[in-house]
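Structural description and commentary
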Amino acid sequence: MPALCCALLLLLPALLARADPDPDPGTDAGQGSRSDIDIYSFLIESRVASRYARTVITSRVANRADRSQEIAFQVELPKTAFISNFSMTVQGRTYVGVVKEKEAARQQYSEAVSRGESAGLVGTVGRTLEEFKTSVNVAPLSKVTFELTYEELLKRRLGKYELMIKARPKQVVSNFKIDVRIYEPQGIRSVEAQGSLTSGAQPDLLQISESEGTVAHVEFAPTVEQQQCADCAGSGLDGDLVIKYDVNRELPQGVLQVQNGYFVHYFSPANIERIPKNVVFVIDRSGSMSGRKIVQTREALLKILADVHEDDHFGLITFDSEVTPWKDSLVRASGGMLEEARGFVRQITDRGATDINAALEKGVAMLNKAKEEKTVPEGSTSIIILLTDGDPTTGVTNLGAIQANVKEAIQKRYTLYCLGFGFDVNLKFLEKMALENGGVARRIYEDSDSDLQLQGFYEEVATPLLVNVEMLYAHGDAANVTQSTFDKFYNGSEIVVAGRISDNSLEVLTAEVKAQSKDSIVTYQAQIPVAGEGVGKDFPKAEYIYGEYIERLWAYLTVQQLLEQEVLASDSDKPEIRQCAQNLSLQYNFVTPLTSMVVTRPEEGQSSVPQVAEKPSEEQAQNRRHGTRRYHTQNHPIGE
C-alpha cells in the first residue's frame, strides 16, 4: 500500500434527536402534537479508548395517539466521523442499515422511486457537522427505537482533545442521559467539561470522576424537573456539552500500543525548543471580499500580529488584479515593525479582480530572497498562508496551471496553507494546491466568528517544534503502515501512525523517530512487547473499551488518508486508490464518500422502502445553500 498522509481530525459531535410531529406535506401521517409523540428515553454513550471514539445514540419514542404517525430520527455528527451502524426497531422487528457500494445503493433507491414508493436519502452538512435523518410510520399506541453508531479518531489541537455533544430533543425526556467514558493508558493529565447544557445548572447535574489515573467518567443526567427552565417553554433542553482532556506525555519517543496484530504509535514530544518561523500572509482584497469579509480579515490579522513571536520573520502581501506587498522583504517581528504592519492592515480595502497566481509567486519569491540573503535564521522553517474567497479572475486563471506553477516555485521548500473564505470559494482547487505543498486547506465560514476562525488556525501553526519527521518501523515487522513522514510537528498537536504487524513470530515491535529540531538531528526509539498482546494486558477494565479498536483505528485512518491521496493522484492512479478505500469502507462497515448505508423501513400497505445515508461533500452543501440543487428527502439523492 502506498504511503499515506496522516491527518487527525477534531472530534466535534453535536447530536440532535427529535420526534417530528409535523410530517412533510404529501405524507399520509396526520398532524401530530407534542403530547402524541413522546421521546421517553434519549441516551448518548461515548466510549473513548486511546483517542479513538465510538458514540452510540439511542432514542426511544412512543406514538401515544390512536392513529399512525410519521416519527423522525435526526442527529448531527462530525464531518470527520464514519457512521458504522444504524438500526430501528418497530413492533418487535429490527431493521438494520447495510453499507453498500455507492452505485448499488443508488440503484436500489432509483428502483424504489420508479415503483412510486416514498424512498428518500439522508444527509446534509454544516460547518463541522453532518445530519443523519430518517423517519418511519409508527402504528397507534406503538413504539420505535432508533440507534446510531459512529466512530472517529480524536485530533489533538492546541494541547487538547475535544468532544462536543449538542442535544436538543425538543421536549422533556423521562430518561435523558449523556455518558462519556475515556480510557487512556498513558494516564489522563486533565479533563474538564463545560457548555450551555450545564450553564446555570445545579452543581450535581454534571459529574466528572477519575479512577486510577487512566479513566475519566463524565455524566449528565438531569431529571424531568431539571430539564425544564423559564426560557424553554416546555420544549426541554437545547445546548451543548464540551469535554476537553489531555494525557500524560512523559516519553519523548511517544507511546506504542499493540492489540490483535495491529499497532498504533502516538508521537507528541514535549519540552522542545521552538524553531524560528518565517511566515508570509497572502491576503485577497478583491471586490468579492467587500463588507464583513474584509472587516473580519483585518480584525484577524491585527490579532495574529499581536501573537507573532519576536524570533519570527514575516511579510504581508495583498492582492486583487495587482499584487501589493507591505515590504519587499521579510522583517523581524520587532515591536516597531509590528506596529507599522498594523497600520498597513488597517488600510486594507476591497477592490478589483483576483490574481492568485501572481500573489503566491510573489510570496515564494519573498521567502527565496530571505534565504538567499540570509536575513532569516539558519534552520528556520517557512510557511505561506493564503486567504481567498473566490476563483482567479485575472492573470493566470487556469486552475491546473496555477497549481503547477505554485508547486514548481515552492519545490518542497516551504509549506502552503490555503484558507477559503465562504462558500463561493473553490475548495477542491485550494485543497489540491495545499496538499501538493505539504499543507492543508480549510474553509473559513462566513459567520460572526470568522476572525476567530482565522486566528485559531494561525495558533495551530504558530509554534513549529520539529521538521522532516520520519517514523520508522523495521522492515518485515510492520505492513500497511499509514503515513509515516511529516513536514512539520507543531506544539499542541500529535502525530499518529498505525499499521499491521506482519511477522507473527515478532516478540518486540520497535519504532524509531528521526527529525530535525532547532539545532540538531534528534532520534527517539520506542519498543513494546508483541507477545501476549502488549497493550491488551494493560487494559484492566474492559467496560471502557471495545474489541479490536486499534484495528478499526487503523482502518479509519487509512480510509481518510486514501481519500486525501486521491486528490493528488493522476487520473490513471485514482481508480486503484478509490477501490482500495471503498473495499476498506465495506469491510469495516463505514459510511464514507465511497459507500452508502441502505436503510430499509417498513411502510403500511407498501413493500419495504429503502433510504440511503451518504456523506455529502462540501460542494453539495454549497449547492443546497445557494438553491442550485434543492434538497428534499423524498426526491433527490445526495451526490446526484
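To be clear, the structure that these remarks concern was listed above.
Residues numbered from 1 in each chain as written. Predicted model: local features only at pLDDT ≥ 70, side-chain atom pairs only at ≥ 80, totals over all residues. Heavy atoms only, no water.

Before going further, it helps to examine the pairing of strand E14 (residues 206-211). Where a strand is regular, its side chains alternate between the two sheet faces. When E14 meets strand E15 (residues 215-220), the two strands line up antiparallel, connected through 6 bridges. Considered in E15, the bridge of Glu-210 is made with Ala-216. (Pairing = 2+ DSSP bridges. Helix = DSSP H or I, 4+ residues; strand = E, 2+ residues; numbered from the N terminus.)

Applying the stated criterion across every chain, the model contains 33 salt bridges. Of the charged contacts, one joins Lys-518 and Glu-273 as a salt bridge, the two residues approaching to 2.8 Å between their closest N and O atoms. Note that Lys-518 is positioned in the loop between strand E30 (508-516) and strand E31 (521-529) and Glu-273 in the loop between strand E18 (262-267) and strand E19 (277-284), a separation of 245 residues in sequence. By relative accessible area, which is 47% here, Glu-273 ends up partly exposed. Between Glu-340 and Lys-327 there is a salt bridge whose closest N-O contact spans 2.8 Å. With Glu-340 in helix H4 (residues 335-346) and Lys-327 in the loop between strand E21 (323-325) and strand E22 (331-332), the pair connects residues that are 13 residues apart, well separated along the chain. Through salt bridges with shared partners, one network takes in Arg-51, Arg-156, Glu-184, Asp-246, Arg-249 and Glu-494. (Salt bridge = Lys/Arg side-chain N within 4 Å of Asp/Glu carboxyl O. Buried < 20%, exposed > 50% of the residue type's maximum accessible area, 1.4 Å probe, protein only.)

One pass over the full model with this rule turns up 19 aromatic pairs. An angle of 50° between the planes, with centres 6.1 Å apart, marks the rings of Phe-267 and Phe-489 as tilted. In this pair, Phe-267 is assigned in strand E18 and Phe-489 in strand E28 (residues 485-490), connecting sequence segments 222 residues apart. Here Phe-267 falls in the buried class, since its relative accessible area comes to 0%. The interplanar angle of 70° and the centroid separation of 6.5 Å between the aromatic rings of Trp-554 and Tyr-588 together place this pair among those described as edge-to-face. Taken together, the positions of Trp-554 in helix H9 (residues 549-568) and Tyr-588 in the loop between helix H10 (574-587) and strand E32 (595-601) put the pair 34 residues apart, joining distant regions of the chain. We note that Trp-554, like Tyr-588, is buried. Put simply, the rings of Tyr-52, Phe-82, Tyr-262, Trp-554, Tyr-556, Tyr-588 and Phe-590 touch in pairs and so form one group of aromatic residues. (Phe/Tyr/Trp six-rings, centres within 6.5 Å; stacked < 30°, edge-to-face > 60°.)

As a packed pair, helix H7 (residues 427-436) and H9 sit with axes 9 Å apart at the nearest point and diverge in direction by 95°. The orientation of H7 with respect to H9, classified from their angle, is roughly perpendicular. When H7 is examined against H9, the residues Glu-431, Lys-432, Leu-435 and Glu-436 are found in contact with a partner set consisting of Glu-564, Val-567 and Leu-568. (Axes fitted to C-alpha atoms, helices over the stretch in contact; angles between N-to-C directions. Parallel < 35°, antiparallel > 145°, perpendicular 65-115°, else oblique. Contact = heavy atoms within 4.5 Å.)

Note on placement: Glu-339 falls in helix H4. A residue is classified by how much of its surface remains accessible, and Glu-339, at 43% relative accessible area, is partly exposed. At a separation of 3.0 Å, a polar atom in the side chain of Glu-339 contacts the side chain of Arg-342. (Polar contact = N/O pair within 3.5 Å; in protein donor to acceptor, adjacent residues only side chain to side chain.)

Glancing now at the sheet that holds E14. The strand order across the open sheet formed by 8 strands is E5-E4-E10-E2-E1-E12-E15-E14, and the pairing between neighbours is mixed. Both edges of this open sheet fall to strand E5 (93-96) and E14, since each of them pairs with a single strand only. Between one strand axis and the next, the sheet turns through 10° on average, direction left out of account. Bridging between strand E4 (residues 82-90) and strand E10 (residues 142-153) involves 8 bridges; their strand directions are antiparallel. Bridge pairing links Phe-86 to Leu-148 in E10.

An order of E11-E16-E13 is seen for the 3 strands of this open sheet, with the pairing classed as antiparallel. Edge positions in the sheet fall to strand E11 (161-167) and strand E13 (188-194), since each has one partner strand and no second. Strand-to-strand twist across the sheet, computed as the mean angle between neighbouring axes with direction ignored, equals 15°. With 7 bridges joining them, E11 and strand E16 (residues 239-247) adopt antiparallel strand pairing. Directly across from Lys-166, in E16, lies its bridge partner Asp-240.

A few words now on the side chain of Glu-551. Mapped onto the elements of the fold, Glu-551 is located in helix H9. Despite its burial, Glu-551 pairs with no opposite charge; the closest candidate is Arg-552, at 7.2 Å N-O. Excluding residues that lie within four positions of it along the chain, Glu-551 makes contacts with Tyr-262 and Tyr-588. (Lys, Arg positive; Asp, Glu negative; His and termini not counted.)

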